[in-house]
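Chain and residue survey
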Amino acid sequence: MTLCSRGHEDAFTELYDLTSQRIYGIILRVLRSPDHAAEVTQEVYVEVWRQSARYSPGKGSVIAWMTTMAHRRAVDRVRSVSSEMARDERYALHSGDREIDQVWDGVEQRLDIERVRKGMASLTAIQREALTLAYFGGYTQSQVAQLLKLPLGTVKTRIRDGLIGLRDALGVEA
Amino acid sequence: MSEIHGAVGAYVVNALDPDELAEFEAHLAVCPTCSREGCGVR
């Protein structure tokens, strides 16, 4: 990453080769459209290239920095496109815990997948539901509250408690 | 716990509306607890 920030194209190519599948996977999971996902993936790498000097190791790993950026951009895309049809499809998501669990079952990431899956399984169903809608559905907390017909404060708490539960399950230090 | 602290989870998963985001980021700048919990993810 340091080399990227100094404009080393080879370093960037290597970074791309190492991470692009994973980044694309995260984006596709939110967007559900290969075309949109490919576009957003490209945007992410442009941003990574431009912002690489601003990456600070103290803030976490490179992959964490990139996946956070990828997720944010995917969510931004969902909100800007937000065609009614796509929305309607996603509304189907909240029709039950089983379907939501299937979303997690499909997550394809090599190393951490089992740990994350176990972590998600350790959450309560209501925490998992709120977190899944927010993270994979790209919904804002107020949209999640509307979908689940719950007060905003409740949703806020569930998302946060879900993340805390996940963190504890994964044994990540606060 | 005041309500604004509770938004840290939604912040981490990009689930705040733009106005909530602005409000929370202003809070984040002055709140060590939330900065620690949010772990500088963005």
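Counting of residues starts from 1 at the beginning of each chain's written sequence and follows it residue by residue. Here the convention is simple: chains get letters from A, ligands get numbers from 1, in the order in which they are written. The predicted origin of the model limits local features to residues at a pLDDT of at least 70 and limits the giving and counting of side-chain atom pairs to 80 or more, whereas totals for whole chains, interfaces and linings rest on all residues. Excluding hydrogens and water, the side-chain values take into account all heavy atoms of the structure.

Here the focus is the overall build of chain B. Along chain B, the regular secondary structure elements total three helices and zero strands. Secondary structure elements follow DSSP: runs of H or I no shorter than four residues count as helices, runs of E no shorter than two count as strands, and numbering proceeds from the N terminus. Sequence-ordered secondary structure for chain B, helices as α and strands as β, is α-α-α. Residue exposure (1.4 Å probe, protein chains only): buried if accessible area is under 20% of the type maximum, exposed if over 50%, otherwise partly exposed. The proportion of buried residues among the 42 residues of chain B is 43%. For chain B, the accessible surface area stands at approximately 2100 Å², while carbon and sulfur atoms represent 61% of it. Only the protein chains shown count as cover for residues, and the accessible areas themselves come from Shrake-Rupley with a 1.4 Å probe.

Residues and elements named next belong to chain A. For helix α9 (residues 141-148), the complete set of buried residues consists of Gln-141, Val-144, Ala-145, Leu-147 and Leu-148. For α9, the buried positions fall inside an angular range of 165 degrees around the axis, keeping them on one side. Phi for Lys-149, located one or two positions after α9, is positive at around 55 degrees. Relevant arc is that of directions from the helix axis to the C-beta atoms, nothing else.

All names here are of chain B. Tracing the chain through its elements places Ile-4 in the segment before α1 (8-12). Since its relative accessible area comes to 21%, Ile-4 is described here as partly exposed. Expressed as a C-alpha distance, the spacing of Ile-4 and Glu-23, which sit 19 residues apart in the sequence, is 8.5 Å. The criterion used for residue contact is that any of the two residues' heavy atoms lie within 4.5 Å. Sequence-distant contacts of Ile-4, defined by excluding residues within four places in its chain, comprise Glu-23, Phe-24 and His-27.

We note that Lys149(A) has phi near 55 degrees; this positive angle belongs to a residue other than glycine. Within the chain, Asn14(B) stands out as a residue other than glycine whose phi angle is a positive 60 degrees. For Asn14(B), the location among the structural elements is in the loop between α1 and α2 (18-30). What makes Asn14(B) buried here is its relative accessible area of 5%.

Another aspect to go through is the interface of chain A and chain B. Taken together, the contacts link 20 residues of chain A with 20 residues of chain B. Here chain A packs against chain B, burying approximately 1700 Å² in sum over the two surfaces, 51% of which is carbon and sulfur. Between Lys or Arg on one side and Asp or Glu on the other, a salt bridge is scored when a side-chain nitrogen of the former is within 4 Å of a carboxyl oxygen of the latter. Taken together, the connections running from chain A to chain B amount to one salt bridge. Two residues, Glu37(B) and Arg160(A), come together in a salt bridge whose shortest N-O distance is 2.7 Å. Here a polar contact is recorded for every N or O atom pair within 3.5 Å, except that within protein the pair must consist of a potential hydrogen donor and a potential acceptor, and residues adjacent in sequence are included only if both atoms are side-chain atoms. The interface formed by chain A and chain B includes seven residue pairs in polar contact (both at pLDDT 80 or more). Note: buried area is the sum, over both parts, of the accessible area (probe 1.4 Å) each one loses when the two are combined.

Our next topic: the pattern of salt bridges. Residues and elements named next belong to chain A. This model, assessed by the stated rule, comprises seven salt bridges over all chains. Put simply, Arg-72 and Glu-47 hold a salt bridge, and the shortest N to O gap is 3.1 Å. Here the residue Arg-72 occupies a position in helix α4 (residues 62-81), and Glu-47 occupies one in helix α3 (residues 34-51), the gap between them amounting to 25 residues. The exposure class assigned to Arg-72 is partly exposed, which follows from its relative accessible area of 21%. Between Arg-167 and Asp-168 there is a salt bridge; the shortest N-O distance is 4.0 Å. It is possible to trace a salt-bridge network through shared partners that takes in Glu-39, Glu-43, Glu-47, Arg-72, Arg-73 and Arg-77.

Right, let's talk about the confidence of the model for chain B for a bit. As a per-residue measure, pLDDT reflects the predictor's confidence and takes values from 0 up to 100. Averaged over all residues, the pLDDT of chain B equals 83, while 86% of them reach at least 70. Under the prediction, the complex receives an ipTM of 0.83, its pTM being 0.69.

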